[in-house]
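Here are the chains, one letter per residue:
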Amino acid sequence: MTGSLSLFWTGYIHAGDSVVTPFSLVEQYRKLSRAELREIFFGRQTRWPDGSPLRVFVLPDKHPVHIRFAKEVLGIYPYQLRSAWDRMIYSGTGTPPVVVESLEQMKKQIRSTPGAIGYIEE
Amino acid sequence: MCYRKAVQGILIVLSFTWMTNCGALELGLGDWQAHGFVSQGYTLTSNYHVFGQSRNGGSLDFTEVGVNVLGHITPNLLMAAQGLYRSAGGSDNEDFRLDFANLDYHTSIGDRAIAGIRMGRVKNPFGLYNDTRDVVWTRPGVMMPQSVYFDSLALRQAMISSDGGVLYGRYAFGDHALTTEFVVSEPLDDQGGATAFLTGIPNVQGHLEGRPLFVGRMGYEWREGRFKLLFSVVDLDRDFESKTPGLPSGNIKAFYPLASAQLNLEDWSFSAEYGQVTTVRSGFIPGGGTIENTSESFYVQAQYRFMPDWSALLRYDSFTANIDDRDGESTARLTGLPKHSFYARDLTIGLHWEFLQNWLLVSEYHSVWGTAWLSPADNPDLGTRTGPERWDMFSLMLSYRF
């Protein structure tokens, strides 16, 4: 009982079965820290360390995997992302991530787009 | 007339819906994308008019339509532009305008800091909401808190964007970040009747020139804005070149500091902003004197996300035209206008409902004491008629975006 409780509270692991984790095929991609992932998903970091463009993909705001990624991986509420992206869109200060409709589409887009990063459920 | 505009608005909404069913329009070239929104409002008031002839049946003369294009030329060089159509009764007759069109270059300094410069027509960074206040999706309700954001007064257009440059920076350490933005620009004070408003002389002939506008905003945020403190300042110092026969030229200074705080919890958001506007007018004042006035603006606001697609709003908003005459009594004696012309206290409750993906319906009820922020264009008899102190307003807005 105490074992499953502690699992529940461990950052990346949810309810003991599936894990939401960042996903990219970029060779420079390594295990990114939470702070680095926030820079990327909030749209402040727009290139990889070698200078090549970074492309970010996310699921719709209300998708359960998106909500888990925001809370468990980035440590924020999903509406904070939406508010930051809307600010970029409507004040001309950045480009928000591309929204894809499903996890299958997410994987497909990441495989076919150079410099892409998103997240998956394992 | 206003029904024709509303029908036009609804037709635009429908044609957008046919164009695209979800999300942004990917332009198929790097990260270039297009976004847009169409919002149609309905306003019903007692006693006074807001956004058109809003008494007896209400007004549909509140339409906001925007289309923007954004994309990176190189990973650190962004280009963005937005066209905006806005109509809001007598207080906004500008119709189409270029809202922003800017180039933005930013670079990293070490692991923790970024610095950038933005040039062109830029949004003025001011307070919690000014940067995106024409988009109902990003504001707390149909109407902004009027004490701080003055939608029905002629200063509005000059507050929103300006032509010049912004220097900005961000420094992060763990969950904490410090942000700063500084604008030097040519204000858009020749638009929307701002010259008449700033001089305080209705239908004045002449224009404003001289020193550029300064706008600054500094902030602290914890966990990407879960807690946020901002301090913003607008500093305007303009020479008025009179073209009105018999009226000498002069100078107008306006200084507007604003403090903002916001706490964002899972279901609740609490926001408050407090500011004072000090204006100094000289040169064109009868008798050659200087008139200095300080007004006060503040609101406190709670938003409650009680279901995934629903949120509720409660807000108290207060504007005082002269902090040395809070109940308006001495100004009323001097001008012959009712006391309540010099303040406005607005209690608002509202609901926000995203009933389908990319569709939003917002409604709210205002109980208002005082008439200080009512538009003289929509209420031409404001200076002669003695209306009541307390009045009601109901607003509804439907919006679609892609």
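Conventions adopted
- Residues numbered from 1 in each chain as written.
- Chains lettered and ligands numbered in written order.
- Predicted model: local features only at pLDDT ≥ 70, side-chain atom pairs only at ≥ 80, totals over all residues.
- Heavy atoms only, no water.
- Salt bridge = Lys/Arg side-chain N within 4 Å of Asp/Glu carboxyl O.
- Helix = DSSP H or I, 4+ residues; strand = E, 2+ residues; numbered from the N terminus.
- Buried < 20%, exposed > 50% of the residue type's maximum accessible area, 1.4 Å probe, protein only.
- Expected span 1.5 Å × (residues − 1).
- Contact = heavy atoms within 4.5 Å.
- Buried area = accessible area lost by both parts, 1.4 Å probe.
- Polar contact = N/O pair within 3.5 Å; in protein donor to acceptor, adjacent residues only side chain to side chain.

Caption draft 1: View of the pattern of salt bridges. Applying the stated criterion to the full structure yields 34 salt bridges over all chains. The network of salt bridges with common partners includes Glu64(B), Arg86(B), Asp92(B), Arg97(B), Arg133(B), Asp134(B), Arg139(B), Asp151(B) and Arg156(B).

Caption draft 2: Here's a closer look at unusual backbone geometry. Residues and elements named next belong to chain B. Positive phi values are uncommon outside glycine, yet Phe150 reaches one of about 40°. Its location among the elements puts Phe150 in the loop between helix H2 (146–149) and helix H3 (156–160). Looking at Phe150, the relative accessible area reads 6%, which means it is buried.

Caption draft 3: Examining helix H3 (residues 64–74) of chain A more closely. Residues and elements named next belong to chain A. Burial analysis of H3 places eight of its 11 residues in the buried class, which makes it a mostly covered element. Turning to H3, its buried residues are Val65, His66, Arg68, Phe69, Ala70, Glu72, Val73 and Leu74. Taken from the residues just after H3, Gly75 is the one with a positive phi, measuring 70°.

Caption draft 4: Quick look at helix H4 (residues 78–91) of chain A. Residues and elements named next belong to chain A. Given a rise of 1.5 Å per residue, 14 residues ought to cover 20 Å, and the 20 Å separating the end C-alpha atoms of H4 matches this to within 8%. Most of H4 sits out of view: 10 of its 14 residues are buried. Once H4 ends, the next one or two residues include Gly92, with phi positive near 70°.

Caption draft 5: Structural view of the interface of chain A and chain B. Each partner contributes to the interface: chain A provides 31 residues, whereas chain B provides 46 residues. In total, about 3,200 Å² of surface goes out of reach between chain A and chain B, with carbon and sulfur atoms giving 48% of it. One can count eight salt bridges joining chain A with chain B. A salt bridge links Arg87(A) to Asp131(B), with the nearest nitrogen and oxygen atoms 3.6 Å apart. At the surface where chain A touches chain B, the tally comes to 21 residue pairs in polar contact (both at pLDDT 80 or more). Elements with a minimum of two residues in the side of chain A that touches chain B: helix H2 (34–41) and H4 of chain A. It is H4(A) that contributes the most residues to the side of chain A that touches chain B, nine residues altogether.

Take it as geometry only, folks, not as evidence of what the structure does.
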